Amino acid sequence: MRALLNKVLTRGRLLAIPISVVVVLLVLTGAPGSALAEDADAGVVTWAVRPADATGPDGRTWAELELDPGESADEYLAVSNLGDDAVTFRLAAADGYFTDKGHFNMLPADRASEDAGTWITVEDSVRVDAGETAVVPYTVTVPENSEPGDHAAGVAASITAANQNDGNSVDVDSRVGFRVMTRVAGELRPSLETSETHVDYSIKWNPFASGTVDVSFDLVNTGNVRLDVAGFARTGGNEASYPAADHPALELLPGDRTSVALRLDGVWPTGRVPVDIVAEPVVVAADNTPAPALESQGTRITVWAVPWPQLIVLVGILLVITAAVLGRVRSRRHVAQLITAAREEGARSAMKANDGD
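The structure displayed is predicted, hence computed values, not measured ones.

**Quick word on the overall build of the protein**
Now for step 1: Within the protein, the secondary structure is distributed over 2 helices and 21 strands.
Now for step 2: For the protein, the proportion of its 357 residues judged to be buried stands at 38%.
Now for step 3: Across the protein, every contact between residues at least 6 apart in sequence was considered, and the portion connecting residues at least 24 apart equals 73%.
Now for step 4: As presented, the protein carries roughly 19,600 Å² of accessible surface, and 53% of it is formed by carbon and sulfur atoms.

**Looking at the pairing of strand β15 (residues 211-221)**
Now for step 1: Burial runs high along β15: 9 of the 11 residues are buried.
Now for step 2: Pairing between strand β14 (residues 192-202) and β15: 9 bridges, direction antiparallel. Opposite Val199, over in β15, you have Val215 as the bridge partner.
Now for step 3: Strand direction decides the pairing type here: β15 and strand β19 (residues 257-267), joined by 9 bridges, are antiparallel. Looking at the pairing, Val220 lines up with Arg257 of β19.

**With respect to a nonpolar patch on the surface**
Now for step 1: A cluster of nonpolar side chains, namely Trp205, Trp308, Leu311, Ile312, Val313, Leu314, Ile317, Leu318, Ile321, Val325 and Val329, defines an oily patch on the protein surface of about 1,000 Å² accessible area.
Now for step 2: Secondary-structure assignment places Ile321 in helix α2 (residues 308-356).

**A look at the pairing of strand β11 (residues 133-141)**
Now for step 1: Judged by which residues are buried, β11 turns out to be one-sided: Ala134, Val136, Tyr138 and Val140 face inward and are buried, whereas Thr133, Val135, Pro137, Thr139 and Thr141, on the alternate face, are not.
Now for step 2: Where strand β6 (residues 72-81) and β11 come together, 9 bridges link them in antiparallel fashion. Residue pairing for β11: Ser72 is matched across the bridge by Thr141.
Now for step 3: Where strand β9 (residues 120-122) lies against β11, 3 bridges are found, and the strand directions are antiparallel. Considered in β11, the bridge of Ile120 is made with Val140.

**So, the nonpolar core**
Now for step 1: If you look at the biggest cluster of nonpolar residues, it comprises 31 residues, and the most contacted ones within it are Leu77, Val79, Phe89, Tyr138 and Val180.
Now for step 2: With residues near it in sequence (within four places) discarded, Leu77 still touches Val49, Arg50, Ala52, Leu91, Val122, Ala134, Val135, Val136, Tyr138, Val155 and Phe178.
Now for step 3: Listed in part, the 28 residues of the second largest apolar core include Val213, Val215, Val260 and Val267.

**Section: unusual backbone geometry**
Now for step 1: For the bond from Tyr242 to Pro243, the omega torsion is -10 degrees, close enough to zero to count as cis.
Now for step 2: Mapped onto the fold, Pro243 is located in the loop between β17 (238-242) and β18 (250-252).
Now for step 3: The phi torsion at Glu196 lies on the positive side, around 50 degrees, for a residue other than glycine.

**Focus: the pattern of salt bridges**
Now for step 1: Counted by the stated rule, this structure contains 11 salt bridges.
Now for step 2: The residue Glu251 makes a salt bridge to Arg226 at a minimum N-O spacing of 2.9 Å. With Glu251 in strand β18 and Arg226 in the loop between β15 and β16 (227-235), this pair connects stretches of sequence that are 25 residues apart.

**Some remarks on the sheet that holds β15**
Now for step 1: Pairing is antiparallel in the open sheet, where 3 strands are placed in the order β14-β15-β19. For this open sheet the edge positions go to β14 and β19, each flanked by a neighbour on one side alone. In this sheet, adjacent strand axes meet at a mean angle of 15 degrees when their direction is disregarded.

**Details of the packing of aromatic side chains**
Now for step 1: Evaluated as defined, the whole model comprises 3 aromatic pairs.
Now for step 2: An angle of 40 degrees between the planes, with centres 5.4 Å apart, marks the rings of Trp47 and Phe89 as tilted. Highlighted residues: Trp47 in strand β3 (residues 43-53) and Phe89 in strand β7 (residues 87-98), separated in sequence by 42 residues. Exposure class is identical for Trp47 and Phe89. Each is buried.
Now for step 3: Plain terms: the ring middles of Phe98 and Phe104 are 5.4 Å apart, the flat faces sit at 75 degrees to each other, and that makes the pair edge-to-face.

**Here's the deal with the confidence of the model for the protein**
Now for step 1: Overall, the predicted model of the protein reaches an average pLDDT of 84, with 83% of residues at or above 70.
Now for step 2: Predicted confidence is poor over residues 1-26, with pLDDT under 50, and the contacts of this stretch with residues over four places away or in other chains come to 47 contacts.

**Re the environment of Phe208**
Now for step 1: Checked against the element boundaries, Phe208 lands in the loop between β14 and β15.
Now for step 2: Given the relative accessible area of 71%, Phe208 is considered exposed.

**Focus: the side chain of Thr212**
Now for step 1: Within the secondary structure, Thr212 is located in strand β15.
Now for step 2: Classification of Thr212 as buried rests on a relative accessible area of 9%.
Now for step 3: If we ignore the near neighbours within four places in the chain, the residues touching Thr212 are Asp200, Tyr201, Ser202, Arg263, Leu264 and Asp265.

Cut-offs used in this document
Sequence order as written defines the numbering, with residues in each chain counted from 1. This being a predicted model, a pLDDT of at least 70 is required before a residue's local features are given, and a value of 80 or more before pairs of side-chain atoms are given or counted; all residues contribute to the totals for chains, interfaces and linings. In computing side-chain values, all of the structure's heavy atoms are included and hydrogens and water are not. For the purposes of this entry, the term helix denotes a DSSP run of H or I that reaches at least four residues, the term strand denotes a run of E that reaches at least two, and both are numbered from the N terminus. With a 1.4 Å probe rolled over the protein chains alone, any residue whose accessible area is under 20% of its type maximum counts as buried; one over 50% counts as exposed, and the rest are partly exposed. Any pair of residues with heavy atoms lying within 4.5 Å of one another is described as a contacting pair. What sets the accessible areas is the Shrake-Rupley method with a 1.4 Å probe; for residues, cover comes only from the shown protein chains. Note: two strands are recorded as paired if DSSP finds a minimum of 2 bridges between them. In this analysis, a patch consists of residues with relative accessible area above 30% that form no salt bridge, clustered at 9 Å for like charges and at 5 Å for the nonpolar side chains Val, Leu, Ile, Met, Phe, Trp and Tyr. The salt bridge criterion pairs a side-chain nitrogen of Lys or Arg with a carboxyl oxygen of Asp or Glu, the two atoms within 4 Å. Think of a nonpolar core as a cluster: buried Ala, Val, Leu, Ile, Met, Phe, Trp, Tyr and Cys residues, connected wherever their side-chain atoms sit within 4.5 Å. To get an axis, fit a line to the C-alpha atoms, keeping to the stretch in contact for a helix; angles then go from 0 to 180 degrees between the N-to-C directions. Only Phe, Tyr and Trp rings take part, Trp by its six-membered ring, and two of them pair if their centres are within 6.5 Å. Stacked means planes under 30 degrees apart, edge-to-face means over 60, and tilted covers everything else. Per-residue confidence from the prediction method is given by pLDDT, with values spanning 0 to 100.

Encoded structure:
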């Protein structure tokens, strides 16, 4: 954190004008998270925020709700102060989204929410003594005109530490929270599209080495429920899967778009190479709502893989063979000419001998 602050402050000095910067440090993952930050009054602060019931944390990693339009639900969050001093935490909710890395996040304070983040009502702040946990109620109210399907939000507790340096003010907003997923009752329409497909073939100039195929495409959740998506790209016996084993599950909220890039090794240049892109979406099921099925989707694209190194070798071999054949032909012609000349010379010699007799 200090390295980040120093970088921002150094940039401020170079500009030579007073600036005010808000740096947001957020921990908002699928599992209950904790954060460590430095507060001007309380010093180093460590805290955690988890879903709860009225008595305390209830073991959930995030909140899952199923509500009708116009319906409300009362929920709880638990804020645990793991530090040595009492701290007042700000509480807030905002629309949720997935980052390019596949991690869940919520909009920063300077961006206005337009969906499920506006459905959550929670206290502005809570003071928690050192080593204690405070349970705070919050309410989720679905508007009457809400679209059926999944809506994502997050709720978090945060502190802001102000740092001064040469007249520049840097506010570091640190927050930790969890996601609140609300499925609004109505017709569920799962849908996934594959778009922006692109494929390139990279040749190896070693004629005895295979090349690589780079495939990129976008996956777009065009339905109204969130999807877990996995799949692969394949050509011949070569296959590459996504997401990678060390990456989180590829989860798409309604309207989400994510880019996928894959590399297929060991592909020989055989002219037109077909590449199959397969997406296998699974509708994320809610507790009380059966998940509709969504079939796997396949897209085939082709790429030209001209075997230039092999063609060059083949042309070279053909030239050598042609040269050898032409040499043999020329040699045979030369021998035939010598034989003909010898015969003609023999005939002339015989005629001279006859004339002498």
